[in-house]
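# Residue-level structural notes
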Amino acid sequence: MVRWGRFGPMMQPMEKIWHILAFDSTHAAMAAQRLLAHLGPFVIPTPKEITASCGISLRMDPPSAAQAKEVLADHADIAQRSTWHVLVDGKRQDGHGQPQAPAQGQAEGGTQGAAQDEAALQDRADAAPRAPWFPVTGDPASGSTLIAVPVTLYHACADAEEAGEDQDPCLQPAEEVDEDVQVEHTLDVYVNEILTMRVVCTPDHLVDLVVGRLFTEGLISGPGEIESLELLGGSTRANVYLRNRQADLSRALVHTVPTCCTGNQVFNSYFEGDETLRPLAPMDWDPEWIFSLARQFAADTPMHRKTSGTHSCYLAVRDRVLYCCEDLGRHNAFDKVIGCALQDGVDLTSAIVFTSGRLPVDMVLKGIRSGIPVLVSKAVPTDMTIKLAQEFGLTLICSARPDSMKVFNDQLCKPQGRK
(Lines give C-alpha, C1' and ligand atoms only; values in the text may rest on other atoms or scores of the structure.)
Protein backbone atom coordinates (compact mmCIF):
# COMPACT_ATOMS: atom_id res chain seq x y z
CA MET A 1 0.00 0.00 0.00
CA VAL A 2 1.44 3.37 -0.99
CA ARG A 3 1.43 6.08 1.68
CA TRP A 4 2.65 9.63 1.22
CA GLY A 5 5.28 10.85 3.66
CA ARG A 6 7.38 13.97 3.94
CA PHE A 7 9.75 12.87 1.19
CA GLY A 8 7.25 11.43 -1.30
CA PRO A 9 5.52 8.06 -1.76
CA MET A 10 6.71 5.18 0.36
CA MET A 11 5.66 1.59 0.81
CA GLN A 12 4.35 1.08 4.31
CA PRO A 13 1.69 -1.32 5.62
CA MET A 14 0.20 1.48 7.70
CA GLU A 15 -3.43 2.15 8.42
CA LYS A 16 -3.12 5.93 8.53
CA ILE A 17 -0.55 8.67 8.31
CA TRP A 18 -0.66 12.26 9.52
CA HIS A 19 1.59 15.26 9.07
CA ILE A 20 2.22 17.68 11.94
CA LEU A 21 3.29 21.22 11.01
CA ALA A 22 5.25 22.89 13.80
CA PHE A 23 5.98 26.63 14.00
CA ASP A 24 8.33 29.02 15.74
CA SER A 25 5.54 30.68 17.72
CA THR A 26 1.90 30.39 18.64
CA HIS A 27 1.15 33.44 16.54
CA ALA A 28 2.74 31.87 13.46
CA ALA A 29 0.68 28.73 14.04
CA MET A 30 -2.52 30.78 14.35
CA ALA A 31 -1.70 32.75 11.20
CA ALA A 32 -1.06 29.52 9.33
CA GLN A 33 -4.34 28.02 10.58
CA ARG A 34 -6.26 30.97 9.17
CA LEU A 35 -4.32 30.91 5.90
CA LEU A 36 -4.85 27.15 5.48
CA ALA A 37 -8.45 27.03 6.72
CA HIS A 38 -9.65 25.76 3.33
CA LEU A 39 -7.48 22.66 3.81
CA GLY A 40 -9.12 21.75 7.13
CA PRO A 41 -6.14 21.61 9.52
CA PHE A 42 -6.63 20.34 13.08
CA VAL A 43 -5.17 22.65 15.73
CA ILE A 44 -3.42 20.41 18.28
CA PRO A 45 -1.09 20.84 21.25
CA THR A 46 2.49 20.50 20.01
CA PRO A 47 3.95 17.17 21.16
CA LYS A 48 6.78 17.89 23.55
CA GLU A 49 8.92 15.49 21.53
CA ILE A 50 8.86 18.01 18.67
CA THR A 51 9.41 21.33 20.41
CA ALA A 52 8.67 23.12 23.67
CA SER A 53 8.85 26.60 22.15
CA CYS A 54 5.37 26.70 20.61
CA GLY A 55 2.27 25.17 22.17
CA ILE A 56 0.23 24.82 18.96
CA SER A 57 0.77 22.81 15.79
CA LEU A 58 -1.39 21.86 12.81
CA ARG A 59 -2.24 18.27 11.98
CA MET A 60 -3.21 17.45 8.39
CA ASP A 61 -3.60 14.51 6.06
CA PRO A 62 -0.75 14.07 3.53
CA PRO A 63 -2.47 15.57 0.44
CA SER A 64 -3.53 18.65 2.41
CA ALA A 65 -0.07 18.93 3.97
CA ALA A 66 1.49 18.95 0.50
CA GLN A 67 -0.79 21.81 -0.54
CA ALA A 68 -0.09 23.61 2.73
CA LYS A 69 3.64 23.46 2.05
CA GLU A 70 3.12 25.20 -1.30
CA VAL A 71 0.93 27.88 0.27
CA LEU A 72 3.34 28.54 3.15
CA ALA A 73 6.27 28.81 0.72
CA ASP A 74 4.75 32.08 -0.49
CA HIS A 75 4.41 33.47 3.04
CA ALA A 76 7.86 34.00 4.49
CA ASP A 77 6.29 35.99 7.35
CA ILE A 78 4.87 32.76 8.82
CA ALA A 79 7.88 31.10 10.42
CA GLN A 80 7.38 27.35 10.10
CA ARG A 81 9.82 25.31 12.13
CA SER A 82 9.40 21.82 10.63
CA THR A 83 7.01 19.21 9.27
CA TRP A 84 6.77 15.84 10.97
CA HIS A 85 4.99 12.75 9.80
CA VAL A 86 3.37 10.26 12.14
CA LEU A 87 2.81 6.72 10.91
CA VAL A 88 0.15 4.64 12.61
CA ASP A 89 -0.35 0.89 12.37
CA GLY A 90 -3.11 0.70 14.95
CA LYS A 91 -0.79 -0.65 17.69
CA ARG A 92 0.49 2.59 19.26
CA GLN A 93 3.84 2.47 17.52
CA ASP A 94 5.83 3.77 14.55
CA GLY A 95 5.56 7.47 15.34
CA HIS A 96 8.38 9.13 13.40
CA GLY A 97 9.37 12.77 13.06
CA GLN A 98 11.26 13.94 10.01
CA PRO A 99 11.92 17.70 9.95
CA GLN A 100 11.76 19.35 6.59
CA ALA A 101 14.41 21.83 5.50
CA PRO A 102 13.69 25.24 7.03
CA ALA A 103 11.89 27.67 4.78
CA GLN A 104 13.89 30.53 3.31
CA GLY A 105 14.75 33.09 5.95
CA GLN A 106 14.31 30.68 8.89
CA ALA A 107 17.05 29.61 11.23
CA GLU A 108 18.68 26.23 10.67
CA GLY A 109 18.44 23.59 13.36
CA GLY A 110 14.92 23.69 14.73
CA THR A 111 13.93 20.24 15.92
CA GLN A 112 16.68 18.31 14.10
CA GLY A 113 18.33 15.92 16.49
CA ALA A 114 15.56 16.16 19.07
CA ALA A 115 14.99 13.01 21.08
CA GLN A 116 11.67 11.37 20.21
CA ASP A 117 9.46 9.24 22.41
CA GLU A 118 7.58 7.41 19.69
CA ALA A 119 4.79 6.04 21.86
CA ALA A 120 4.10 9.45 23.40
CA LEU A 121 4.12 11.12 19.99
CA GLN A 122 1.71 8.50 18.71
CA ASP A 123 -0.63 8.89 21.69
CA ARG A 124 -0.82 12.64 21.11
CA ALA A 125 -1.43 12.21 17.39
CA ASP A 126 -4.25 9.76 18.05
CA ALA A 127 -5.79 12.15 20.58
CA ALA A 128 -5.51 15.15 18.27
CA PRO A 129 -8.76 14.96 16.25
CA ARG A 130 -11.72 16.67 17.81
CA ALA A 131 -14.09 14.06 19.21
CA PRO A 132 -17.38 13.79 17.29
CA TRP A 133 -19.56 14.81 20.20
CA PHE A 134 -22.36 15.95 17.89
CA PRO A 135 -22.93 16.66 14.19
CA VAL A 136 -22.41 20.25 13.03
CA THR A 137 -24.18 21.39 9.87
CA GLY A 138 -24.22 24.70 8.04
CA ASP A 139 -21.32 27.09 7.67
CA PRO A 140 -19.16 27.52 10.81
CA ALA A 141 -17.52 30.64 9.35
CA SER A 142 -19.38 33.69 8.12
CA GLY A 143 -16.56 35.52 6.38
CA SER A 144 -13.68 37.74 7.32
CA THR A 145 -13.13 38.95 10.86
CA LEU A 146 -11.60 42.21 9.57
CA ILE A 147 -12.55 44.65 6.85
CA ALA A 148 -10.43 47.45 5.35
CA VAL A 149 -12.02 50.91 5.30
CA PRO A 150 -10.61 54.21 3.98
CA VAL A 151 -9.71 56.78 6.62
CA THR A 152 -8.12 60.22 6.66
CA LEU A 153 -5.09 60.35 8.93
CA TYR A 154 -3.97 63.60 10.51
CA HIS A 155 -0.74 64.25 12.43
CA ALA A 156 -0.01 67.21 14.67
CA CYS A 157 3.14 69.20 13.91
CA ALA A 158 5.87 68.89 16.46
CA ASP A 159 6.75 72.51 15.85
CA ALA A 160 4.46 75.19 14.44
CA GLU A 161 7.40 76.46 12.36
CA GLU A 162 7.28 73.21 10.37
CA ALA A 163 3.94 74.19 8.87
CA GLY A 164 3.91 76.11 5.61
CA GLU A 165 2.34 79.52 5.18
CA ASP A 166 -0.86 78.04 3.73
CA GLN A 167 -1.22 75.27 6.30
CA ASP A 168 -2.86 75.09 9.70
CA PRO A 169 0.14 75.29 12.06
CA CYS A 170 -1.39 72.56 14.25
CA LEU A 171 -1.69 69.96 11.49
CA GLN A 172 0.51 68.18 9.00
CA PRO A 173 -0.94 67.39 5.57
CA ALA A 174 -3.69 64.76 5.75
CA GLU A 175 -2.97 61.24 4.52
CA GLU A 176 -5.49 58.83 2.97
CA VAL A 177 -4.94 55.26 4.22
CA ASP A 178 -6.81 51.98 4.60
CA GLU A 179 -7.53 50.82 8.14
CA ASP A 180 -8.45 47.31 9.29
CA VAL A 181 -11.52 47.33 11.53
CA GLN A 182 -13.26 44.45 13.23
CA VAL A 183 -16.38 42.84 11.84
CA GLU A 184 -19.24 42.86 14.35
CA HIS A 185 -21.45 39.79 14.03
CA THR A 186 -24.75 38.94 15.70
CA LEU A 187 -25.60 35.31 16.40
CA ASP A 188 -28.99 34.25 17.77
CA VAL A 189 -28.80 30.96 19.65
CA TYR A 190 -31.94 28.80 19.66
CA VAL A 191 -32.01 25.91 22.12
CA ASN A 192 -34.54 23.23 21.18
CA GLU A 193 -36.21 25.77 18.85
CA ILE A 194 -36.49 28.49 21.55
CA LEU A 195 -34.53 31.74 21.19
CA THR A 196 -32.38 31.65 24.29
CA MET A 197 -29.52 34.11 23.83
CA ARG A 198 -28.05 36.65 21.44
CA VAL A 199 -24.29 36.93 21.08
CA VAL A 200 -22.56 39.92 19.48
CA CYS A 201 -19.15 38.66 18.54
CA THR A 202 -16.26 38.32 16.11
CA PRO A 203 -17.36 35.80 13.44
CA ASP A 204 -14.89 32.98 14.01
CA HIS A 205 -14.87 29.90 16.24
CA LEU A 206 -18.65 30.18 16.35
CA VAL A 207 -19.27 26.53 17.23
CA ASP A 208 -16.67 26.79 20.01
CA LEU A 209 -18.33 30.00 21.21
CA VAL A 210 -21.79 28.43 21.39
CA VAL A 211 -20.55 25.30 23.17
CA GLY A 212 -18.47 27.35 25.61
CA ARG A 213 -21.29 29.81 26.31
CA LEU A 214 -23.83 27.06 27.02
CA PHE A 215 -21.31 25.44 29.38
CA THR A 216 -20.15 28.54 31.28
CA GLU A 217 -23.73 29.76 31.68
CA GLY A 218 -24.80 26.44 33.20
CA LEU A 219 -27.10 25.23 30.41
CA ILE A 220 -25.05 22.07 29.77
CA SER A 221 -22.58 20.07 31.83
CA GLY A 222 -20.56 19.04 28.77
CA PRO A 223 -20.67 18.66 24.98
CA GLY A 224 -22.16 15.18 25.34
CA GLU A 225 -25.53 16.80 26.14
CA ILE A 226 -25.68 18.37 22.67
CA GLU A 227 -27.46 16.23 20.09
CA SER A 228 -26.71 18.48 17.12
CA LEU A 229 -25.77 22.04 16.21
CA GLU A 230 -26.77 23.84 13.03
CA LEU A 231 -25.62 27.22 11.73
CA LEU A 232 -27.97 29.04 9.37
CA GLY A 233 -28.37 32.37 7.60
CA GLY A 234 -24.68 33.12 7.16
CA SER A 235 -24.09 31.92 10.72
CA THR A 236 -26.51 34.48 12.16
CA ARG A 237 -28.58 31.70 13.75
CA ALA A 238 -27.44 28.64 15.69
CA ASN A 239 -29.92 25.85 16.31
CA VAL A 240 -28.80 23.73 19.25
CA TYR A 241 -30.66 20.55 20.12
CA LEU A 242 -30.07 19.14 23.59
CA ARG A 243 -30.56 15.48 24.44
CA ASN A 244 -33.53 14.59 26.66
CA ARG A 245 -34.14 18.17 27.72
CA GLN A 246 -37.38 20.09 27.90
CA ALA A 247 -37.86 23.79 28.53
CA ASP A 248 -38.92 24.79 32.04
CA LEU A 249 -41.25 27.63 31.06
CA SER A 250 -41.43 28.85 34.66
CA ARG A 251 -37.89 30.20 34.21
CA ALA A 252 -38.78 33.24 32.10
CA LEU A 253 -35.96 35.50 33.24
CA VAL A 254 -34.94 38.16 30.71
CA HIS A 255 -31.72 40.05 31.26
CA THR A 256 -28.72 41.60 29.54
CA VAL A 257 -25.23 40.56 30.61
CA PRO A 258 -24.40 43.66 32.66
CA THR A 259 -20.63 43.93 32.23
CA CYS A 260 -20.35 42.81 28.60
CA CYS A 261 -19.38 45.57 26.20
CA THR A 262 -20.94 43.85 23.18
CA GLY A 263 -24.62 43.83 24.16
CA ASN A 264 -24.93 40.07 24.65
CA GLN A 265 -28.38 39.09 25.86
CA VAL A 266 -29.95 36.11 27.58
CA PHE A 267 -33.69 35.93 26.89
CA ASN A 268 -34.74 33.20 29.31
CA SER A 269 -33.52 30.57 31.73
CA TYR A 270 -35.66 27.71 30.44
CA PHE A 271 -32.77 25.28 30.15
CA GLU A 272 -30.72 26.27 33.18
CA GLY A 273 -30.47 23.79 36.03
CA ASP A 274 -30.52 24.50 39.74
CA GLU A 275 -26.94 25.65 39.96
CA THR A 276 -24.73 24.77 42.91
CA LEU A 277 -21.21 26.10 42.58
CA ARG A 278 -18.60 23.74 43.94
CA PRO A 279 -15.20 24.54 45.43
CA LEU A 280 -12.37 24.06 42.95
CA ALA A 281 -9.83 21.27 43.24
CA PRO A 282 -6.43 22.69 44.28
CA MET A 283 -3.71 22.85 41.64
CA ASP A 284 -0.12 23.74 42.35
CA TRP A 285 1.36 26.30 39.96
CA ASP A 286 4.70 27.92 39.29
CA PRO A 287 5.14 31.70 38.89
CA GLU A 288 7.45 31.03 35.94
CA TRP A 289 4.49 29.50 34.07
CA ILE A 290 2.61 32.77 34.43
CA PHE A 291 5.60 34.87 33.38
CA SER A 292 6.06 32.62 30.33
CA LEU A 293 2.39 33.01 29.39
CA ALA A 294 2.62 36.77 29.94
CA ARG A 295 5.60 36.94 27.58
CA GLN A 296 3.63 35.07 24.92
CA PHE A 297 0.66 37.34 25.57
CA ALA A 298 2.82 40.44 25.22
CA ALA A 299 3.90 39.26 21.76
CA ASP A 300 0.34 40.12 20.72
CA THR A 301 -2.29 38.29 18.66
CA PRO A 302 -3.11 38.76 14.96
CA MET A 303 -6.34 40.77 15.17
CA HIS A 304 -5.25 42.88 18.11
CA ARG A 305 -1.98 43.66 16.34
CA LYS A 306 -3.95 45.07 13.42
CA THR A 307 -6.78 46.83 15.27
CA SER A 308 -5.72 47.30 18.93
CA GLY A 309 -9.35 46.56 19.69
CA THR A 310 -9.84 42.88 20.47
CA HIS A 311 -9.81 40.88 23.66
CA SER A 312 -7.64 37.78 23.74
CA CYS A 313 -7.81 34.64 25.83
CA TYR A 314 -5.33 31.77 26.19
CA LEU A 315 -6.01 28.35 27.65
CA ALA A 316 -2.85 26.60 28.76
CA VAL A 317 -1.61 23.57 30.63
CA ARG A 318 1.34 24.67 32.72
CA ASP A 319 3.07 27.19 30.40
CA ARG A 320 2.02 25.51 27.13
CA VAL A 321 -0.70 27.40 25.26
CA LEU A 322 -3.27 25.01 23.81
CA TYR A 323 -5.75 27.55 22.46
CA CYS A 324 -5.82 31.27 21.77
CA CYS A 325 -8.99 33.06 20.70
CA GLU A 326 -9.80 36.69 20.02
CA ASP A 327 -13.10 38.52 20.04
CA LEU A 328 -14.79 41.88 20.41
CA GLY A 329 -15.83 40.85 23.91
CA ARG A 330 -13.80 39.28 26.69
CA HIS A 331 -16.70 36.97 27.63
CA ASN A 332 -16.78 35.63 24.08
CA ALA A 333 -13.02 35.06 23.91
CA PHE A 334 -13.20 33.17 27.21
CA ASP A 335 -16.09 31.01 26.01
CA LYS A 336 -14.30 30.21 22.73
CA VAL A 337 -11.25 28.70 24.42
CA ILE A 338 -13.48 26.78 26.84
CA GLY A 339 -15.52 25.47 23.90
CA CYS A 340 -12.34 24.36 22.11
CA ALA A 341 -11.07 22.54 25.19
CA LEU A 342 -14.40 20.84 25.92
CA GLN A 343 -14.69 19.42 22.42
CA ASP A 344 -11.07 18.22 22.47
CA GLY A 345 -11.51 16.52 25.83
CA VAL A 346 -8.99 18.69 27.70
CA ASP A 347 -9.13 18.33 31.48
CA LEU A 348 -10.16 21.82 32.58
CA THR A 349 -9.25 21.08 36.20
CA SER A 350 -5.57 21.16 35.19
CA ALA A 351 -5.81 24.23 32.95
CA ILE A 352 -4.90 27.90 33.29
CA VAL A 353 -6.89 30.63 31.54
CA PHE A 354 -5.15 33.94 30.74
CA THR A 355 -7.41 36.78 29.61
CA SER A 356 -6.78 40.35 28.49
CA GLY A 357 -9.96 41.66 30.12
CA ARG A 358 -10.81 42.85 33.59
CA LEU A 359 -12.44 40.32 35.89
CA PRO A 360 -15.87 41.30 37.21
CA VAL A 361 -18.12 38.77 38.94
CA ASP A 362 -19.58 37.17 35.81
CA MET A 363 -16.13 36.44 34.34
CA VAL A 364 -14.97 34.76 37.54
CA LEU A 365 -18.22 32.76 37.73
CA LYS A 366 -17.44 31.43 34.25
CA GLY A 367 -14.09 30.21 35.52
CA ILE A 368 -15.59 28.59 38.63
CA ARG A 369 -18.35 26.86 36.64
CA SER A 370 -15.72 25.58 34.22
CA GLY A 371 -13.58 24.12 36.98
CA ILE A 372 -10.59 26.26 35.98
CA PRO A 373 -8.29 26.35 39.05
CA VAL A 374 -6.06 29.27 37.97
CA LEU A 375 -7.45 32.42 36.35
CA VAL A 376 -4.99 35.06 35.14
CA SER A 377 -5.68 38.50 33.74
CA LYS A 378 -3.61 41.26 32.24
CA ALA A 379 -6.14 43.63 33.84
CA VAL A 380 -7.66 43.92 37.32
CA PRO A 381 -10.29 42.25 39.55
CA THR A 382 -13.01 43.76 41.72
CA ASP A 383 -13.59 43.37 45.44
CA MET A 384 -16.43 40.91 44.81
CA THR A 385 -14.39 38.71 42.49
CA ILE A 386 -11.65 38.47 45.12
CA LYS A 387 -14.26 37.31 47.66
CA LEU A 388 -15.59 34.76 45.17
CA ALA A 389 -12.09 33.47 44.51
CA GLN A 390 -11.47 33.07 48.23
CA GLU A 391 -14.79 31.31 48.78
CA PHE A 392 -14.37 28.78 45.97
CA GLY A 393 -10.62 28.24 46.04
CA LEU A 394 -9.80 29.97 42.75
CA THR A 395 -6.22 31.10 42.30
CA LEU A 396 -6.65 34.66 41.05
CA ILE A 397 -3.70 36.45 39.43
CA CYS A 398 -4.04 39.89 37.86
CA SER A 399 -1.90 42.66 36.37
CA ALA A 400 0.16 39.83 34.87
CA ARG A 401 3.19 41.11 32.99
CA PRO A 402 6.37 39.44 31.72
CA ASP A 403 8.23 40.74 34.79
CA SER A 404 5.56 41.04 37.51
CA MET A 405 2.14 39.90 38.66
CA LYS A 406 -0.24 40.36 41.57
CA VAL A 407 -1.65 37.30 43.30
CA PHE A 408 -5.00 38.23 44.86
CA ASN A 409 -5.79 34.71 46.00
CA ASP A 410 -3.68 31.55 46.03
CA GLN A 411 -5.76 28.47 46.73
CA LEU A 412 -2.75 26.62 48.17
CA CYS A 413 -1.64 29.64 50.21
CA LYS A 414 2.04 28.97 49.54
CA PRO A 415 4.68 31.63 50.12
CA GLN A 416 6.33 33.32 47.18
CA GLY A 417 9.31 31.61 45.62
CA ARG A 418 7.39 28.33 45.35
CA LYS A 419 8.75 25.35 43.48
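Look up a bit, the structure's there.
Right, let's walk through the structure included here.

Conventions and cut-offs
Residues numbered from 1 in each chain as written. Predicted model: local features only at pLDDT ≥ 70, side-chain atom pairs only at ≥ 80, totals over all residues. Heavy atoms only, no water. Helix = DSSP H or I, 4+ residues; strand = E, 2+ residues; numbered from the N terminus. Buried < 20%, exposed > 50% of the residue type's maximum accessible area, 1.4 Å probe, protein only. Contact = heavy atoms within 4.5 Å. Areas by Shrake-Rupley, 256 points an atom, 1.4 Å probe, with all protein chains shown as cover. Pairing = 2+ DSSP bridges. Axes fitted to C-alpha atoms, helices over the stretch in contact; angles between N-to-C directions. Salt bridge = Lys/Arg side-chain N within 4 Å of Asp/Glu carboxyl O. Expected span 1.5 Å × (residues − 1). Arc of directions from axis to C-beta. Phe/Tyr/Trp six-rings, centres within 6.5 Å; stacked < 30°, edge-to-face > 60°. Lys NZ or Arg CZ within 6 Å of the ring centre and 35° of its normal. Core = buried A, V, L, I, M, F, W, Y, C linked by side-chain atoms within 4.5 Å. Parallel < 35°, antiparallel > 145°, perpendicular 65-115°, else oblique. Nonpolar A, V, L, I, M, F, W, Y, C, P; charged D, E, K, R; others polar.

Of the regular secondary structure elements, the chain holds 9 helices and 21 strands. Looking at the chain as a whole, 50% of its 419 residues are labelled buried. Here the analysis covers contacts within the chain between residues at least 6 apart in sequence; of these, 61% occur between residues at least 24 apart. Summing over all exposed atoms, the chain offers an accessible surface of approximately 19,500 Å²; the carbon and sulfur share of this is 52%.

The 6 strands lie next to each other as S17-S16-S18-S19-S20-S21, forming an open sheet whose pairing is mixed. Two strands bound the open sheet, and with one partner strand each, they are strand S17 (320–327) and strand S21 (406–409). Taking the axes of each pair of neighbouring strands and ignoring which way they run, one obtains an average angle of 20° across the sheet. The sheet contact formed by strand S16 (residues 311–317) and S17 spans 7 bridges and is antiparallel. Opposite Ser312, over in S17, you have Glu326 as the bridge partner. Helix H7 (residues 330–344) rests against S16, S17, strand S18 (352–355) and strand S19 (374–377) of the sheet, and its axis sits at about 135° to S17.

Let us look at the environment of Asn332. Take Asn332: it is sitting in helix H7. Judged by relative accessible area, Asn332 falls into the buried class, the value being 0%. Through-space distance from the C-alpha of Asn332 to that of Gly212 is 8.6 Å; in sequence the pair is 120 residues apart.

A few words now on the pattern of salt bridges. Tallied over the entire structure, the rule returns 9 salt bridges. When the shortest N-O distance is used, the salt bridge between Lys366 and Glu217 registers 3.1 Å. Here Lys366 is found in helix H8 (residues 361–370), whereas its partner Glu217 is found in the loop between helix H4 (206–216) and strand S12 (226–232), with 149 residues between them in sequence. The exposure class of Lys366 is buried, given its relative accessible area of 1%. One salt bridge connects Lys366 with Asp335, and the closest N-O pair in it is separated by 3.0 Å. Placement of the pair is Lys366 in helix H8 and Asp335 in helix H7, with a sequence separation of 31 residues. Overall, the relative accessible area of 0% leaves Asp335 in the buried class. When salt bridges with common partners are traced through the structure, they connect Arg213, Glu217, Asp335 and Lys366 into a single cluster.

Another point: helix H2 (residues 62–73). Between its terminal C-alpha atoms H2 stretches 17 Å, which fits the 16 Å expected from 12 residues at 1.5 Å a residue. Among the residues of H2, Pro62, Ser64, Ala65, Ala68 and Leu72 are the ones counted as buried. Looking straight down H2, one finds that the buried residues subtend no more than 145° of arc, so they occupy a single side. For H2, the exposed residues lying more than 90 degrees away from the buried face are Pro63, Glu70 and Ala73.

Okay, the environment of Pro203 next. Following the sequence through the fold, Pro203 ends up in the loop between strand S11 (194–201) and H4. When its relative accessible area of 2% is taken as the criterion, Pro203 is described as buried. Considered as a pair, Pro203 and Leu328 are 125 residues apart in the sequence and their alpha carbons are 9.6 Å apart.

Turning next to unusual backbone geometry. A positive phi angle, close to 60°, is found at Ser235, a residue other than glycine. Here Ser235 shows up in the loop between S12 and strand S13 (237–242). One non-glycine residue, Asn244, adopts positive backbone phi at about 50°. The class for Asn244 is exposed, based on a relative accessible area of 82%.

Now for the packing of aromatic side chains. Taken as a whole, this structure holds 2 aromatic pairs when the rule is applied. Considering the side-chain rings of Phe297 and Phe354, the 4.5 Å spacing of their centres and the 25° angle between planes classify their relative orientation as stacked. Here Phe297 is found in helix H5 (residues 287–298), whereas its partner Phe354 is found in strand S18, with 57 residues between them in sequence. According to the relative accessible area criterion, Phe297 is buried, its value standing at 11%. Taken together, the ring pairs in this structure connect Phe297, Tyr314 and Phe354 into an aromatic cluster. Above the face of the Tyr190 ring, Arg237 is positioned so that its terminal group lies 3.6 Å from the ring centre.

The next point concerns H4. Counting buried positions over the 11 residues of H4 gives 11, a clear majority of the element. Within the span of H4, buried status applies to Leu206, Val207, Asp208, Leu209, Val210, Val211, Gly212, Arg213, Leu214, Phe215 and Thr216. Phi for Gly218, located one or two positions after H4, is positive at around 85°.

As a rule of thumb, soluble globular proteins bury nonpolar side chains together. Counting 55 residues, the largest nonpolar core has Val189, Leu214, Leu315 and Ile338 as its most contacted members. In this view, Ile338 contacts Gly212, Phe215, Thr216, Leu315, Leu348, Val353, Ser370 and Ile372; residues no more than four positions away in its chain are not counted. Counting residues in each nonpolar core, the second largest holds 20 residues, with Met30, Leu293, Ala316 and Val374 among its members.

One way to put it is that H7 packs onto H8 with a least axis distance of 10 Å and a crossing angle of 10°. In terms of orientation, H7 lies roughly parallel with respect to H8. Within the contact between the two elements, H7 uses Arg330, His331, Phe334, Asp335 and Ile338 and H8 uses Asp362, Met363, Lys366, Gly367 and Ser370. Here the contact of H7 with H8 is composed, by residue class, of 3 nonpolar, 3 polar and 4 charged.

Counting through the fold element by element, Ser312 comes out in strand S16. Among the residues examined, Ser312 registers a relative accessible area of 4% and is labelled buried. Excluding residues within four positions of it along the chain, Ser312 makes contact with Phe297, Thr301, Cys325, Glu326, Ala333, Phe354, Thr355 and Ser356.

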